[in-house]
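Secondary and tertiary structure notes
One letter stands for each residue in the lines below.
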Amino acid sequence: MPRIVLIDDDEDLLESLSIALSVAGFEVETFINGTDGLQRCRPFDVDALVSDITMPGIDGFSLCRTLREEGRDLPIILLTSRDGEIDEALGLDLGADDYITKPFSTRVLIARLKALLRR
């Protein structure tokens, strides 16, 4: 069962995504801030990260950059309400594997996550 770290400061979204990912066959650990999520991603027993960009502590861009600088190659999907191409390009340049703007389809998020994990 793939282990997913899910980070978002919107607790309602965090809960609904956690349930959907669990039903889809993932083991999910949730965090409401980037600092705690980063600490959990450092061990090599995490298979993927799904993170909001704007959140307390470390933001999603910094989280992505830090993990890549540390040599972590786990799949990273950034979720955000920022829909500008500059933000999307920045997220991808910092090492994110995918960038999904809110609102989004949970079904599509799960499909993209599964596709990244197949690689």
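Residues take numbers from 1 onward in each chain, read along the sequence in its written order. Confidence filtering applies because this is a predicted model: local features only for residues at pLDDT of at least 70, side-chain atom pairs given and counted only at 80 or more, and all residues used for totals across whole chains, interfaces and linings. Heavy atoms throughout the structure, all of them, feed into the side-chain values; hydrogens and water do not.

Regarding a negative patch on the surface
- Here a patch means residues that are over 30% exposed by relative accessible area and free of salt bridges, tied together within 9 Å if like-charged and within 5 Å if nonpolar (Val, Leu, Ile, Met, Phe, Trp, Tyr). In this description, accessible areas are obtained by the Shrake-Rupley approach with a 1.4 Å probe, and a residue is regarded as covered only by the protein chains that are shown. Here, a salt bridge means any side-chain nitrogen of Lys or Arg that lies within 4 Å of a carboxyl oxygen of Asp or Glu. We treat Lys and Arg as the positive residues and Asp and Glu as the negative residues; His and chain ends play no part in the count. A single reference atom marks each charge: NZ on Lys, CZ on Arg, CG on Asp, CD on Glu. On the surface, a cluster of negative charge is made up of Asp-9, Asp-10, Glu-11, Asp-12 and Glu-15.
- Topologically, Glu-15 is positioned in helix α1 (residues 11-23). Strands here mean DSSP runs of E at least two residues long; helices mean DSSP runs of H or I at least four residues long; both are numbered from the N terminus.

Description of α1
- The terminal C-alpha atoms of α1 lie 18 Å apart, and with 13 residues this matches the ideal 18 Å at 1.5 Å per residue to within 8%.
- Relative accessibility under 20% of the residue-type maximum defines a buried residue, over 50% an exposed one, and the middle range a partly exposed one, all with a 1.4 Å probe and only protein chains included. Listed as buried for α1 are Leu-13, Leu-14, Leu-17, Ser-18 and Leu-21. Looking straight down α1, one finds that the buried residues subtend no more than 130° of arc, so they occupy a single side. Those residues of α1 that are exposed and aimed more than 90 degrees away from the buried face are Asp-12, Glu-15 and Val-23.
- Looking at where α1 begins, the residue whose side-chain oxygen comes 3.1 Å from the main-chain nitrogen of Asp-12 is Asp-10.
- With its phi angle positive at about 100°, Gly-25 sits one or two positions after the end of α1. Multiply 1.5 Å by the residue count of a helix minus one, and that product is the helix's expected span. When we speak of the arc, we mean the arc of directions from the helix axis to the C-beta atoms. Residues adjacent in sequence count toward polar contacts only when both atoms are side-chain atoms; beyond that, a polar contact is any pair of N or O atoms within 3.5 Å, and within protein one must be able to donate a hydrogen and the other to accept it.

What to know about the pattern of salt bridges
- According to the stated counting rule, one finds nine salt bridges in the structure shown.
- Across the pair Asp-97 and Arg-68 runs a salt bridge, and its minimum N-O distance is 2.9 Å. Pair noted here: Asp-97 is in the loop between α4 (85-93) and β5 (98-101) and Arg-68 is in helix α3 (residues 60-69), with a separation of 29 residues, a long-range link.
- Owing to a relative accessible area of 36%, Asp-97 belongs among the partly exposed residues under this scheme.
- Assessed through its relative accessible area of 23%, Arg-68 is described here as partly exposed.
- Close ionic contact of Asp-98 with Arg-112 constitutes a salt bridge, the shortest N to O distance being 3.2 Å. Remark: Arg-112 occurs in helix α5 (residues 106-118) and Asp-98 occurs in strand β5; sequence separation between them is 14 residues.
- Salt bridges linked by common partners bring Arg-3, Glu-27, Glu-29, Arg-40 and Asp-45 together as one network.

Some remarks on the packing of aromatic side chains
- Pairing of aromatic side chains requires ring centres within 6.5 Å, counting the rings of Phe and Tyr and the six-membered ring of Trp. Pairs whose planes differ by under 30 degrees are stacked, by over 60 edge-to-face, and all others tilted. Applying the stated criterion across every chain, the model contains zero aromatic pairs.
- Only when the NZ atom of a Lys or the CZ atom of an Arg is both within 6 Å of the ring centre and within 35 degrees of the ring normal do we say a charge sits over the ring. Arg-72 extends its terminal NZ or CZ atom over the ring of Phe-44, reaching a point 4.3 Å from the ring centre.

Description of the pairing of β5
- Pairing geometry for strand β4 (residues 76-80) and β5, over four bridges, is parallel. Bridge pairing in β5 places Leu-79 opposite Ile-100. Pairing between two strands is assigned when DSSP locates at least 2 bridges connecting them.

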